[in-house]
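Structural description and commentary
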Amino acid sequence: MYRLVCVSCGADYAPDAILYRCSRCGHLLAVDYDLDTIAVSRADWNARPLSLWRYRELLPVAGAPVTLQEGGTPLYHLTRIGEDLGLPRLYAKHEGMNPSGSFKDRGMTVGVSMALQLGMTSVACASTGNTSASLAAYAAKAGIPAVVLLPAGKVALGKVAQALMHGAKVIAIRGNFDRALEMVQDLCESHGLYLLNSINPYRLEGQKTIGFEAIDQLGDVPDRMVLPVGNAGNISAVHKGLIELLRLGFIDRLPMMTGIQAAGSRPVVDAIEQGLAELVPARDPETVATAIRIGAPVNAEKALTAIRSTGGTAAAVTDEEILAMQRDLARKEGIGVEPASAASVAGVKKLVEAGVIDRDESIVCVVTGHLLKDPETVIRQCEPPIEIDADVQSLLSALSL
Ligand code: AN7
């Protein structure tokens, strides 16, 4: 049993309403469960395989979902980076290990399932890349058409490849993500496509399970959860889910929710640092981490609450810091992530060095997307392969042996 509730004025709507904002005040909506009717225990959950669908009582999907077997991603102990930083309890939840290579699959299995449940026959999104790749894959699985709007020239190669290969109608606009999002909202309203950006409250329901899994894997509530922030949906989703666990009595405290942005695209960090009630959009966001090149995060309202109410914080990291941590994760831990994902761990480094993070904290960083999403940024940082003649002598001299 659930309803859609406005996070600002509290107006509520039936779950079958096709709504992305409160029709009374225009603020964001959230799925609100009648937790008294949820008859499940942690033991019930623990008896099921680790997967997003372990938590189905706290998801809005009624029938068989459109699934590609998402969730159940690894939680890695970052031993070497942890040692460098003096953080013995530093972990990374590798969301790049989802079917399409990013956490967006958690949102899309629920979002596309809800599209069918609500009788919608086509889906759409704007995207910095991963959302489009994921939506394309889940729409393919569901057998319905998808339209995706991308900022032309600003989406990593692997993501465009996925969206195209899975058969979405891919439109590149000569403008940035924020403009693409405005355009797709107009399109969905005027032509009845189902909007699956993170303004869609059902999509965030899937994403909240990152926090559930992290707690189950760690066996405890981490002191801090650190997420890269673009449109600010994921940090909001994880926070919302954890509040539900708290209300159900499954956990007894919340982690400090901590958001990391790129220095060239940091409206949430500015709002936190300056104590602003409302966010001031960044006009021309720019960063090597194109996934989070977003100036007007649509979920800012929820994210600011998540950060402030848990005693968390926000920080910005430079492109150099992001890329250095991408290399460290790859070379010291064997974990391949795209630049936006490395931002979360780079942010931890910055915050521990600034004395904001205590060294005895247990910290789960969400690393959101796979290294192969953005091969061009990887290749640019690495020496090219050493090409040699096909003989052993050349091989030995190339290896200085
Ligand atoms: C790897 O695909 O916004 O703060 O359109 O791909 O929930 O937006 C991607 C976002 C972090 C930020 N890491 O998450 C899109 C898109 C990766 C991402 C984020 C994104 P939100």
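Above: the structure in question.
Here we summarise the structure given alongside this text. Quick caveat, the model's predicted, so the values are computed rather than measured.

**Concerning the environment of Phe-103**
Relative to the helices and strands, Phe-103 is located in the loop between strand 5 (90-94) and helix 3 (104-117). Relative accessible area serves as the criterion here: at 9%, Phe-103 is assigned to the buried category. Each C-alpha atom, one on Phe-103 and one on Ala-64, is 21 Å from the other, the two residues being 39 residues apart in sequence. Apart from the residues within four sequence positions on either side, Phe-103 is in contact with Glu-95, Asn-98, Gln-207, Ile-210, Asn-234 and Thr-368.

**A word on the environment of Val-31**
Mapped onto the fold, Val-31 is located in strand 3 (residues 29-33). Its relative accessible area of 1% is what places Val-31 among the buried residues. Along the chain, Val-31 and Arg-3 lie 28 residues apart, while their C-alpha atoms are 5.8 Å from each other.

**Quick notes on the nonpolar core**
Ranked by size, the top nonpolar core spans 92 residues in total, and within it Val-123, Leu-135, Tyr-194, Met-225 and Leu-245 carry the most contacts. Residues Leu-90, Ala-289, Val-337 and Ala-340 belong to the second largest nonpolar core, which totals 31 residues.

**Looking at the site of the ligand**
Not every one of the 22 residues close to the ligand is listed here, only the nearest: Asn-130, Thr-131, Asn-231, Ala-232 and Thr-368. Note that an oxygen atom of the ligand is positioned 2.8 Å from one of the backbone N or O atoms of Thr-128. One of the backbone nitrogen or oxygen atoms of Asn-234 is found 2.8 Å away from an oxygen atom of the ligand. When the free accessible area of the ligand is taken as 470 Å², the share hidden by the protein chains comes to 99%. Taken together, the elements giving at least two residues each to the shell around the ligand come down to helix 4 (130-142) and helix 9 (233-248). Partitioning the shell around the ligand into residue classes produces nine nonpolar, 11 polar and two charged.

**A few points about the sheet that holds strand 6 (residues 123-126)**
Pairing is parallel across the open sheet formed by four strands, whose spatial order is 8-7-6-9. Looking along the sheet, the strands with just one partner apiece sit at the ends: strand 8 (169-173) and strand 9 (194-195). By the bridge criterion, five bridges tie strand 7 (residues 146-151) to strand 8 in an arrangement that is parallel. Each residue of the ladder has a partner; that of Leu-150, found in strand 8, is Ala-172. Sheet strands in contact with helix 6 (residues 177-191) are strand 6, strand 7, strand 8 and strand 9, and its direction is about 155° off that of strand 6.

**Details of the pairing of strand 12 (residues 313-317)**
Counting buried residues along strand 12, five of its five residues qualify, which places the element largely inside the surrounding structure. Here strand 12 shows no split at all, with Thr-313, Ala-315 and Val-317 on one side and Ala-314 and Ala-316 on the other all buried. Relative to strand 12, strand 11 (residues 256-262) is paired through five bridges, and the arrangement is parallel. Of the residues in strand 12, the one forming a bridge with Ile-260 is Ala-315.

**As for the sheet that holds strand 12**
Taken in spatial order, the six strands make up an open sheet running 4-5-13-10-11-12, and their pairing is mixed. The open sheet has two edge strands, strand 4 (75-77) and strand 12, and neither has a second partner. Here the strands of the sheet are splayed against their neighbours by 25° on average, with no regard to which way each runs. Across the sheet, helix 8 (residues 209-218) lies against strand 4, strand 5, strand 10 (224-228) and strand 13 (363-367), angled at about 130° from strand 5, the strand it touches most.

**Some remarks on helix 9**
Between its first and last C-alpha atoms helix 9 spans 23 Å; for 16 residues at 1.5 Å apiece the expected length is 22 Å, and the two agree. Helix 9 sits mainly inside the fold: 12 of its 16 residues count as buried. Listed as buried for helix 9 are Gly-233, Asn-234, Ile-235, Ser-236, Ala-237, Val-238, His-239, Lys-240, Gly-241, Leu-242, Glu-244 and Leu-245. Within two residues after helix 9, Gly-249 carries a phi angle of roughly 80°, on the positive side.

Quick notes on the rules
- Residues numbered from 1 in each chain as written.
- Predicted model: local features only at pLDDT ≥ 70, side-chain atom pairs only at ≥ 80, totals over all residues.
- Heavy atoms only, no water.
- Helix = DSSP H or I, 4+ residues; strand = E, 2+ residues; numbered from the N terminus.
- Buried < 20%, exposed > 50% of the residue type's maximum accessible area, 1.4 Å probe, protein only.
- Contact = heavy atoms within 4.5 Å.
- Core = buried A, V, L, I, M, F, W, Y, C linked by side-chain atoms within 4.5 Å.
- Near = heavy atom within 4 Å.
- Polar contact = N/O pair within 3.5 Å; in protein donor to acceptor, adjacent residues only side chain to side chain.
- Areas by Shrake-Rupley, 256 points an atom, 1.4 Å probe, with all protein chains shown as cover.
- Nonpolar A, V, L, I, M, F, W, Y, C, P; charged D, E, K, R; others polar.
- Pairing = 2+ DSSP bridges.
- Axes fitted to C-alpha atoms, helices over the stretch in contact; angles between N-to-C directions.
- Expected span 1.5 Å × (residues − 1).

Function-wise, these values are silent; they only describe arrangement.
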